[in-house]
Amino acid sequence: MRAQNKMTKTNQLTKKLIELDKKCIWHPFTQMADWLKSQPVIIDSAEGFYLIDTEGNRYIDGVSSLWCNVHGHRVKKIDDAIKAQTDKVSHSTLLGLGQTKSIELAEKLVRITPPGLQKVFYSDSGATAVEIALKMAYQYFQNTGEKNRTKFIALESSYHGDTIGSVSVGGIKTFRSIFRPLLFEAFFVPAPHPYRFDGSKEDCAKYTLDKIEGILKTRCDQIVAVIIEPLVQGAGGIIVHPQGFLTSVRQLTKKYSVLLIADEVATGFGKTGKMFACENETVNPDIMCLGKAITAGYLPLAATLTTGQIFDAFLGPISEYKTFYHGHTYTGNALACTAALASLELFEQNRLIESLPAKIELMKQYFAKIAELPFVGEARQCGLMGAIEIVKDKSSKESFSPEQKIGSKLCSSMRPAGVMLRPLGDCVVVMPPVAIKPDLLEKLLNIILHSIENDLPKIIRDV
Ligand SMILES: *Cc1c(COP(=O)(O)O)cnc(C)c1O
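Residues numbered from 1 in each chain as written. Predicted model: local features only at pLDDT ≥ 70, side-chain atom pairs only at ≥ 80, totals over all residues. Heavy atoms only, no water.

Considerations on helix α5 (residues 100-112)
And then number 1: With 13 residues, α5 extends 19 Å between its outermost C-alpha atoms, agreeing within 8% with the 18 Å of an ideal straight helix rising 1.5 Å per residue.
And then number 2: For α5, the secondary structure elements touched by its buried residues are α4 (76-86), β4 (117-123), β11 (287-290), β12 (302-307) and α12 (334-349).
And then number 3: Two to three positions downstream of the cap, the backbone nitrogen of Lys-101 sits 3.0 Å from a side-chain oxygen, assigning the N-cap of α5 to Gln-99. (Helix = DSSP H or I, 4+ residues; strand = E, 2+ residues; numbered from the N terminus. Expected span 1.5 Å × (residues − 1). Contact = heavy atoms within 4.5 Å. Polar contact = N/O pair within 3.5 Å; in protein donor to acceptor, adjacent residues only side chain to side chain.)

Concerning unusual backbone geometry
And then number 1: Of note, the phi angle at Trp-67 is positive, near 70°, even though the residue is not glycine.
And then number 2: Summarising the element assignment, Trp-67 is placed in helix α3 (residues 64-67).
And then number 3: You can call Trp-67 buried: its relative accessible area is 8%.
And then number 4: Positive phi outside glycine occurs at Arg-74, with the angle close to 50°.
And then number 5: Look at Arg-74 and you get exposed, because its relative accessible area is 57%. (Buried < 20%, exposed > 50% of the residue type's maximum accessible area, 1.4 Å probe, protein only.)

Notes on the side chain of Thr-14
And then number 1: Tracing the chain through its elements places Thr-14 in helix α1 (residues 12-24).
And then number 2: Assessed through its relative accessible area of 3%, Thr-14 is described here as buried.
And then number 3: Side-chain polar atoms of Thr-14 contact the side chain of Thr-54, separated by 2.9 Å.
And then number 4: Sequence-distant contacts of Thr-14, that is, excluding residues within four places in its chain, are made with Thr-54 and Glu-55.

Shown next as structure tokens:
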């Protein structure tokens, strides 16, 4: 199983592509000085749950092409639907016009999302879905005469995207500190992260809830909304919230009459075991952001859903300026909506949600074994979202220094065995496509297990 990918001598074409990439491309979230020294993998095609590079090496897509792939790659039903749509229209605007596919998808999203969400505002990335949620929530109170409400409450280590607005409510210090002077102010409360808390799991949730309530008590007439990644904080390191935390946050927002924005960009479309994370606690948010897996990883699309009550506050004569002045050129793109519709049909056809418990259980068994290994601080999991935190000292949970790049080296070491992962610092994220077959999931988990058992000690010895 180990040396599955031969990593042959880099052929001429690959060499040329790497040269051009280094010449022309600035990669996201990448220290380009490292990249320019590296020997990057260039993906050229894909098949099912495998990515294939220019050398013909195959890799299991272990993080769903950054958390968005669902049914695998080159899925006939989605491919055919997109091809057929190109024979009709690929894009026309939603500014002043309707479009068949955006209507069909909106109807479907309203049907499958939690009760109360009735209107769909489209955009094209998770960050824009969040920007829209923030502006919509703020303007809702402006339109209803509560003009002092200008502030949001968010969690430390939360991630909501990379535009200035979404970074303003983002709690990851590395991503926000440099931009601080450009950001609007928000209130941050500690993430309920039992692993980093010196008390019981229940106390951990209570600690955060008390902080939220403290802010709401003293300034509820200034607060617009609480924004939260329900159940799991993704980019913060797959921080899994204690059970019932979301419900308690919802109760607080109701008690103090502020809005709840659920950012389901990462958690949506099956990843937590239900279609949406909010369903796990039967929470109905006022606004919900969807992105990433909405098109099964095919095309950029996002959606911000909200209630009739919020929508109605934007109605009125032009002269009252209640209109929501926001929109993107590719809003509700027809090809992207077509991909999303085909994906949702596959969810039903393949009874995908029903197939998840067995795979979640399999992952749980492997994670239990992995958690016992040396240098593993914790193996966290919610549904098919998982992270293995690598630490220097298992008992004190002391971390390696970032310059040692342990997470990245560990993930690279799995490539010859045919696994592609992208870590978050020293957290090895495992987020297979929701539709992955159980035997392939087991193969993926086995390679990860053996790599942490056998390769990691060597990597650590060499740093
Ligand atoms: C990825 C992510 C975003 C941003 O989505 P983009 O499409 O990358 O802009 C927002 N919120 C959450 C929770 C995410 O995981």
